[in-house]
Amino acid sequence: MAAQGSAGDAALRREAEQWLQWDQNPKTSAIVKELVAEGNVEELQKYFGSRMEFGTAGLRAAMGAGISHMNDLTIIQTTQGFCRYLEKNFSDLKNRGVVIGFDARAHLSSGGSSKRFARLAANTFISQGVPVYLFSDVTPTPFVPYTVTHLKLCAGIMVTASHNPKQDNGYKVYWENGAQIISPHDKGISQAIEENKEPWPQAWDDKQIDSSALLHDPYATINKEYFKDIQKQCFHRNINKETNLKFVHTSVHGVGHKFVQLAFKAFDLRPPFAVPEQKDPDPEFPTVKYPNPEEGKGVLTLSFALAEKDGAKIILANDPDADRLAVAEKQESGEWKVFSGNELGALLGWWIFTCWKNQNRDACAIKDVYMLSSTVSSKILRAIALKEGFHFEETLTGFKWMGNRAKQLMDQGKAVLFAFEEAIGYMCCPAVLDKDGVSAAVITAEMASFLATRNLSLSQQLKAVYDEYGFHITKASYFICHDPKVIQQLFDNLRNYDGKDTYPKSCGRFKVSGIRDLTTGYDSSQPDLKAILPTSKSSQMITFTFANGGVATMRTSGTEPKIKYYSELCAPPGNSDVEQLKKELDELVSALEKHFFQPEKNNLQRKTE
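The residue numbering used here restarts from 1 in each chain and proceeds along that chain's sequence as written. Per-residue local features of the predicted model are confined to residues with pLDDT of at least 70, and side-chain atom pairs are confined, for both listing and counting, to 80 or more; whole-chain, interface and lining totals are unaffected and use all residues. Computation of side-chain values: all heavy atoms of the structure, hydrogens and water removed.

**Quick word on the overall build of the chain**
A helix here means a DSSP run of H or I that spans at least four residues, while a strand means a run of E at least two residues long, and both kinds are numbered starting from the N terminus. For the chain, the count of helices and strands is 20 helices and 25 strands. Referenced to the eigenvectors of the C-alpha coordinate spread, the extents of the chain come out at roughly 70 × 60 × 50 Å. Counting over 609 residues, the chain shows a buried share of 57%. Here the contacts in the chain between residues at least 6 apart in sequence split such that 69% fall between residues at least 24 apart. Accessibility throughout is a Shrake-Rupley quantity obtained with a 1.4 Å probe, and a residue counts as covered only by protein chains that appear here. When the accessible area of the chain is evaluated, it comes to approximately 25,200 Å², of which 50% is carbon and sulfur surface. Positive charge is attributed to Lys and Arg, negative charge to Asp and Glu, and no charge count is given to His or to the chain ends. To locate a charge, the coordinates of NZ of Lys, CZ of Arg, CG of Asp or CD of Glu are taken. Of the charged side chains in the chain, 70 are positive and 73 negative, and the gap between their average positions amounts to 3 Å. Only protein chains enter the accessibility calculation, which uses a 1.4 Å probe. A residue is then buried if its area is under 20% of the maximum for its type, exposed if over 50%, and partly exposed in between. Working rule for contacts: check all heavy atoms of both residues, and any pair within 4.5 Å makes them a contact.

**Re empty space enclosed by the protein**
For cavity detection a 1 Å grid was placed over the protein atoms alone, and a set of points counts as a cavity when a 1.4 Å probe fits there but cannot get out; an open set counts as a pocket when protein lies on both sides within 12 Å along at least five of seven lines, with lining residues being those that have an atom within 4 Å of a point. Grid points are joined across faces, edges and corners, and a volume is the space filled by probe spheres set on the points. Applying the stated criterion across every chain yields a total of two cavities of 30 Å³ or more. The space that makes up the largest cavity amounts to roughly 50 Å³. Lining the largest cavity, in full, are D103, A104, R105, H253, G254, V255, D282, P283, F285 and P320. Its residues assigned to classes, the lining of the largest cavity shows five nonpolar, two polar and three charged. Domains are outlined according to an automatic or database domain assignment. Mapped onto the domain boundaries, the lining of the largest cavity takes at least three residues apiece from domain 1 (9-215) and domain 2 (217-469). Here the second largest cavity is characterised by a volume of approximately 40 Å³. Surrounding the second largest cavity, Q233, F235, W351, I352, C355 and I443 form its lining. The element best represented in the lining of the second largest cavity is helix α13 (residues 341-359), accounting for three residues. Polar here means any residue other than Ala, Val, Leu, Ile, Met, Phe, Trp, Tyr, Cys and Pro, which are nonpolar, and Asp, Glu, Lys and Arg, which are charged; Gly is therefore polar. For the lining of the second largest cavity, the class distribution of residues is five nonpolar, one polar and no charged.

**What about the domain arrangement of the chain?**
Split into domains, the chain comes out as domain 1 (9-215), domain 2 (217-469) and domain 3 (471-606). The distance between the C-alpha centroids of domain 1 and domain 2 comes to 31 Å. Listed per partner, the contact involves 35 residues of domain 1 and 36 residues of domain 2. Counting the surface lost from both domain 1 and domain 2, the interface buries some 3,200 Å², and carbon and sulfur atoms represent 65% of this. The quantity reported as buried area is the accessible area (1.4 Å probe) lost by two parts once they are put together, taken as the sum for both. For domain 1, the biggest contributors to the area lost against domain 2 are F143, Y146 and H163; these three give 22% of the whole. The salt bridge definition used is simple: a Lys or Arg side-chain nitrogen within 4 Å of an Asp or Glu carboxyl oxygen. For the pair domain 1 and domain 2, the interface holds three salt bridges. With its nearest N and O atoms 3.8 Å apart, the salt bridge here joins D434 to K172. We define a polar contact as two N or O atoms separated by no more than 3.5 Å, with the added condition that, inside protein, one atom must be a possible hydrogen donor and the other a possible acceptor, whereas residues neighbouring each other in sequence contribute only through side-chain atom pairs. The interface formed by domain 1 and domain 2 holds 14 residue pairs in polar contact (both at pLDDT 80 or more) in total. Going through the elements one at a time, β5 (132-134), α7 (143-150) and β7 (168-174) are the ones with two or more residues in the side of domain 1 that touches domain 2. By residue number, the principal contributor to the side of domain 1 that touches domain 2 is α7, which donates five residues. Taken together, the residues of the side of domain 1 that touches domain 2 break down into 17 nonpolar, 13 polar and five charged.

**Here's the deal with the UniProt feature "domain: Alpha-D-phosphohexomutase alpha/beta/alpha" (unreviewed entry) in the chain**
Mapped onto this structure's residue numbering, the UniProt feature "domain: Alpha-D-phosphohexomutase alpha/beta/alpha" (unreviewed entry) falls at residues 52-198, 224-330 and 362-469. Note that residues 362-469 is 47% helix and 19% strand, and that its end C-alpha atoms are spaced 23 Å apart. UniProt positions are given in the numbering used here, feature names are shortened, and annotations may be inferred rather than shown by experiment.

**Let's talk about the packing of aromatic side chains**
The aromatic pairing rule takes the rings of Phe, Tyr and Trp, using the six-membered ring of Trp, and pairs them if the centres are within 6.5 Å, calling planes under 30 degrees apart stacked, those over 60 edge-to-face and the rest tilted. One pass over the structure, following the stated rule, counts 26 aromatic pairs. Between the aromatic rings of F247 and F264, the centroid separation amounts to 5.7 Å while the plane-to-plane angle is 75°, which identifies the pairing as edge-to-face. Highlighted residues: F247 in strand β9 (residues 247-250) and F264 in helix α11 (residues 256-266), separated in sequence by 17 residues. Members of the aromatic cluster, connected to one another through ring pairs, are F143, Y146, Y226, F227 and F259. Across from the ring centre of Y478, 3.9 Å away, lies the NZ or CZ of K562, which sits over that ring. Should the NZ of a Lys or the CZ of an Arg lie within 6 Å of a ring centre and within 35 degrees of the ring normal, that charge is described as sitting over the ring.

**As for the sheet that holds strand β2 (residues 98-102)**
Being paired, for any two strands, means DSSP has found at least two bridges between them. Pairing is mixed in the open sheet, where six strands are placed in the order β1-β7-β6-β2-β5-β8. At either margin of the open sheet sits one strand with a lone partner, and together these are β1 (59-62) and β8 (215-216). Bridge count for β2 against β5 is three bridges, and the pairing is parallel. Counted as the bridge partner of V98 is V132 from β5. For helices, the fitted line uses only the C-alpha atoms of the stretch in contact; every axis is such a line through C-alpha atoms, and the angle between N-to-C directions lies from 0 to 180 degrees. Sheet strands in contact with helix α6 (residues 114-127) are β2, β5, β6 (155-159), β7 and β8, and its direction is about 165° off that of β2.

**Examining the nonpolar core**
F82, F125, F418, Y426 and M554 are the most contacted members of the largest nonpolar core, which totals 176 residues. Excluding its chain neighbours within four sequence positions, the residues that come into contact with F418 are G345, L348, G349, I352, Y370, M371, L372, L381, Y426, M427 and C428. Each nonpolar core is a collection of buried residues, namely Ala, Val, Leu, Ile, Met, Phe, Trp, Tyr and Cys, held together in the definition by side-chain atoms within 4.5 Å.

**Points about the environment of L20**
Assignment of secondary structure puts L20 in helix α1 (residues 2-22). Relative accessible area serves as the criterion here: at 23%, L20 is assigned to the partly exposed category. The spacing of L20 and S162 is 142 residues in sequence and 30 Å in space, taken between C-alpha atoms. With near-sequence residues (within four places) excluded, L20 lies in contact with S29, V32, K33 and V36.

**Quick notes on the sheet that holds β9**
Reading across the sheet, the five strands line up as β10-β9-β11-β12-β13 and stay open at both edges, with mixed pairing between neighbours. The outermost strands of the open sheet, each flanked by one partner alone, are β10 (273-274) and β13 (336-338). Two strands pair when backbone bridges link them, and β9 and strand β11 (residues 314-318) are joined in this way by four bridges, in the parallel orientation. Along β11, the bridge assignment pairs T250 with A317. Its contacts with the sheet place helix α17 (residues 458-469) against β11, β12 (325-330) and β13, and it is angled at close to 105° to β12.

**So, the pairing of strand β20 (residues 510-517)**
Taking burial as the measure, the eight residues of β20 include six buried ones, the bulk of the element. Sheet analysis places strand β19 (residues 506-507) next to β20, joined by two bridges and oriented antiparallel. Within β20, the position partnered with S506 by the bridge is K511. As consecutive antiparallel partners, β19 and β20 are separated by two residues, and within that stretch G508 has a phi angle of approximately 60°, a positive value.

Spelled out as structure tokens, the structure:
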């Protein structure tokens, strides 16, 4: 074993020494030099044990030294690979070019920041004669896919870690169709990165781009065009001008503030009150434990206080890169209700269809109308589609699937009105083929203003939607697990539950009536037992259907050490015993946790508020 250990140690040392020859960032190279001098194998393993994996979500990791982290050198290497891959795929790359955007993240100890990474990426392309549209200031993530489509570029890069903890950063990639990449592009780019690890001659000289004719700043144009485009979704300008409804907005120390203010202006709504402590970008995210509005009320404490002070009824919260939106509304009881992603998806789906119907009197037009949601999201859109006569499709989890499918449908002349996922992501405007928290915020504000003229709150309208189309009660959460072996074992146990290759027949008192495993491609509901949706061996995902009408999905996260679950109980219209439905779902979820997750046995950490 010692020989094997020392061989591994030597490989680590070689990787670190190679790194030092290439790295010109004084902070990261100083960290590595010190570790090499000390012979600190344990720490070297953390930095050089394995290269960040480039997947369909691009890269996401902590900022710091070494091949396992986001830093100047790994950004240069990634962009060199991406550049070569694009050259192979587009003969006109040097005419069309790419767009690069960034958020406000920064990491003092390693000298990394989103802006620095974006400039190094721009420099890589420009050194190869490729035009780069580099935003001169921070922008929301949806502006990058919007720019790809609007300027007909070959690709887009957004440097952001969205709502991850402050030490993280990411590198998100869009294809020429304006949607996030899907396979096999991730594998092709990954391969090209491996083949282009040595920095090219001008790789570190990012100052040269400032005088280059190939560098363009799309900031002013895109700000003008984007806000012009989203106005196509503004249907009640007169109500917006008159409304007395007050809104609070928080950008949670991210980039959203300025853009949501401009969106309100574009819709003729009075600007929302901004949470002063959180409105300006701050890479330290000082007022929140996690900068993720999906985590619930903890992130909204300052918003609640401001709303109480200013008499606002509705809170709109973006995550730091403004592609997600959380909404809260003050109830008559004085309590605040934070809508789940599924509840807001139901409201926006109802609203966007209602607006479409009012604009389109031609009964035939509905046959070309589509809405999409991901397979772990509520099936409420399916219920609305069935009753109203438009098409509903579900896709795999993530906007990369919905964006690509939406583009296919649009290319066939179909109208994709709306797509959403339960992780508070909404695509309300066909000009952006990704989730967009800016347009979703202002469209929600217009919907609330319209409902106020009918003396209805968002909560009351949500109940009306459920009364008409059937109650859809959902519950989702997650367990944290840092050990991939435990996660693998947990899912292996589910696939070999009562002997080899047998799935569970029940979960506590709940009988299992169907199983779909998108890791292996098995689906018990299909005649040939093969799943229709694409399968992926690299991630875990099993969906259980229960005899009582419940559905539960367990899956791993692509960007965090979590095992997530999503559950839903759907009742036909007319079943109004909501409390009974909730109780039934709570019991199902408890059984799921106890029998399928086995948190004590597997040492899983529960989600904390």
